[in-house]
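Residue-level listing of the chains:
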Amino acid sequence: MNELERLYTEIQPKIYAFFYIKTSDKSAAEDLTHDVFYEAIKGIHSFSGKSTLQTWIFSIAKNVLRKHFRSKKYTTGLHDKLTHDVPELPSTPEDVYITKEGHFNLLQKINSLDEIQQEIVTLRLYGELSFKEIGELINKSENYVRVTFHRAKLRLQKEMGLNHE
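What counts, and where the lines are drawn
Residues numbered from 1 in each chain as written. Predicted model: local features only at pLDDT ≥ 70, side-chain atom pairs only at ≥ 80, totals over all residues. Heavy atoms only, no water. Helix = DSSP H or I, 4+ residues; strand = E, 2+ residues; numbered from the N terminus. Buried < 20%, exposed > 50% of the residue type's maximum accessible area, 1.4 Å probe, protein only. Contact = heavy atoms within 4.5 Å. Areas by Shrake-Rupley, 256 points an atom, 1.4 Å probe, with all protein chains shown as cover. Core = buried A, V, L, I, M, F, W, Y, C linked by side-chain atoms within 4.5 Å. pLDDT = per-residue confidence, 0-100. Phe/Tyr/Trp six-rings, centres within 6.5 Å; stacked < 30°, edge-to-face > 60°. Lys NZ or Arg CZ within 6 Å of the ring centre and 35° of its normal. Patch = residues over 30% accessible without salt bridge, like charges linked within 9 Å, V, L, I, M, F, W, Y side chains within 5 Å. Salt bridge = Lys/Arg side-chain N within 4 Å of Asp/Glu carboxyl O. Lys, Arg positive; Asp, Glu negative; His and termini not counted. Charge placed at Lys NZ, Arg CZ, Asp CG, Glu CD. Axes fitted to C-alpha atoms, helices over the stretch in contact; angles between N-to-C directions. Parallel < 35°, antiparallel > 145°, perpendicular 65-115°, else oblique. Left-handed = near helix turned anticlockwise from the far one by under 90°.

Some points on the overall build of the protein chain
Here is step 1 of the chain: Scanning the protein chain from terminus to terminus reveals eight helices and zero strands.
Here is step 2 of the chain: Secondary structure elements of the protein chain, listed N to C terminal, follow the sequence α-α-α-α-α-α-α-α.
Here is step 3 of the chain: When the 165 residues of the protein chain are sorted by exposure, 32% land in the buried category.
Here is step 4 of the chain: Here the analysis covers contacts within the protein chain between residues at least 6 apart in sequence; of these, 60% occur between residues at least 24 apart.
Here is step 5 of the chain: By element, 55% of the accessible surface of the protein chain is carried by carbon and sulfur atoms, the whole surface being about 11100 Å².

This is how it looks when you write it as structure tokens:
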């Protein structure tokens, strides 16, 4: 396996998770993930090495996500979802529990955070980026990111009843 394939297999699940959390749509997450790596390969010559390759790819992901949210396809899909929202029924009781109690509850709590906290928590948990890499992406210090993440984590734990003090 060459270096590019190794990096792809390492970073792709993180990028997909980032998009899935932001869009709650598997198909959109797959398409956006594909777009990120297409853009990365197209623009590899512009990678300066000032950050890690993973940080650079996540900055592309953030731009692709912004472009997606501005697109007509997204706004049309959102309108359709809001006007014709029919929830999918999970196939087993276990799926019902996992979907309803676990994932949905956490996403709902993350979405209740302010925008910067949402970004930091999502990049940290689903993108598995270091505090330094997140700081580079959002133009904040590593310490700021650490403190903000810690406060957001405490808030999420409190809201979900997970205080272990």
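So much for the structure itself; the text now carries on.
Details of the nonpolar core
Here is step 1 of the chain: One finds Ile15, Phe19, Val36 and Ile57 to be the most contacted residues of the largest nonpolar core, which totals 35 residues.
Here is step 2 of the chain: Counting residues per element, the ones that place at least two in this core are helix H1 (3-23), helix H2 (26-42), helix H3 (53-70), helix H5 (93-111), helix H6 (115-125), helix H7 (131-138) and helix H8 (142-159).
Here is step 3 of the chain: Once residues lying within four places of it in the same chain are set aside, the contact partners of valine 36 are Ile15, Phe19, Ile57, Ile60, Ala61 and Val64.

Some details on the confidence of the model for the protein chain
Here is step 1 of the chain: Model confidence for the protein chain is summarised by a mean pLDDT of 79, while 75% of its residues fall at 70 or above.
Here is step 2 of the chain: Averaged pLDDT values over the elements of the protein chain bottom out at 55 in helix H4 (residues 72-83) and peak at 91 in H2.

So, the packing of aromatic side chains
Pairs of aromatic rings are described using the distance from one ring centre to the other and the angle between the two planes.
Here is step 1 of the chain: What the rule picks out here adds up to six aromatic pairs.
Here is step 2 of the chain: Ring geometry for tyrosine 8 and phenylalanine 37: centres 4.8 Å apart, planes at 75°, overall edge-to-face. On the criterion of sequence distance, the pair formed by tyrosine 8 in helix H1 and phenylalanine 37 in helix H2 is long-range, its members being 29 residues apart.
Here is step 3 of the chain: Since its relative accessible area comes to 10%, phenylalanine 37 is described here as buried.
Here is step 4 of the chain: Cluster of aromatic residues (ring-pair linked, three or more members): Phe18, Phe19 and Phe58.
Here is step 5 of the chain: The lysine or arginine in question, arginine 124, covers the ring of phenylalanine 149, its NZ or CZ lying 6.0 Å from the ring centre.

Thoughts on a negative patch on the surface
Here is step 1 of the chain: A surface patch of negative charge is lined by Asp25, Glu30, Asp31 and Asp35.
Here is step 2 of the chain: Of note, glutamate 30 is situated in helix H2.

Some thoughts on the packing of H2 against H3
A pair of packed helices is characterised by two quantities: the angle between their axes and the separation of those axes.
Here is step 1 of the chain: Between H2 and H3, the least distance of the axes is 9 Å, while the angle of their chain directions is 125°. One finds that H2 runs oblique with respect to H3. Seen from above, H2 lies across H3 with right-handed handedness. Packed against H2, whose contacting residues are Leu32, Asp35, Val36, Phe37, Glu39 and Ala40, the element H3 presents Trp56, Ile57, Ile60, Ala61, Val64, Leu65 and His68 at the interface.

Focus: unusual backbone geometry
Here is step 1 of the chain: Residue serine 24 is not a glycine yet carries a positive backbone phi of 55°.
Here is step 2 of the chain: Of note, serine 24 is situated in the loop between H1 and H2.
Here is step 3 of the chain: The backbone phi angle of asparagine 139 is positive, close to 60°, even though this residue is not glycine.
Here is step 4 of the chain: Residue placement: asparagine 139 occurs in the loop between H7 and H8.

Comments concerning the environment of lysine 22
Here is step 1 of the chain: Counting through the fold element by element, lysine 22 comes out in helix H1.
Here is step 2 of the chain: Lysine 22 sits 97 residues away from glutamate 119 along the chain, and the two C-alpha atoms are 9.4 Å apart.
Here is step 3 of the chain: Excluding anything up to four places from it in sequence, lysine 22 contacts Leu65, Phe69, Gln118, Glu119 and Thr122.

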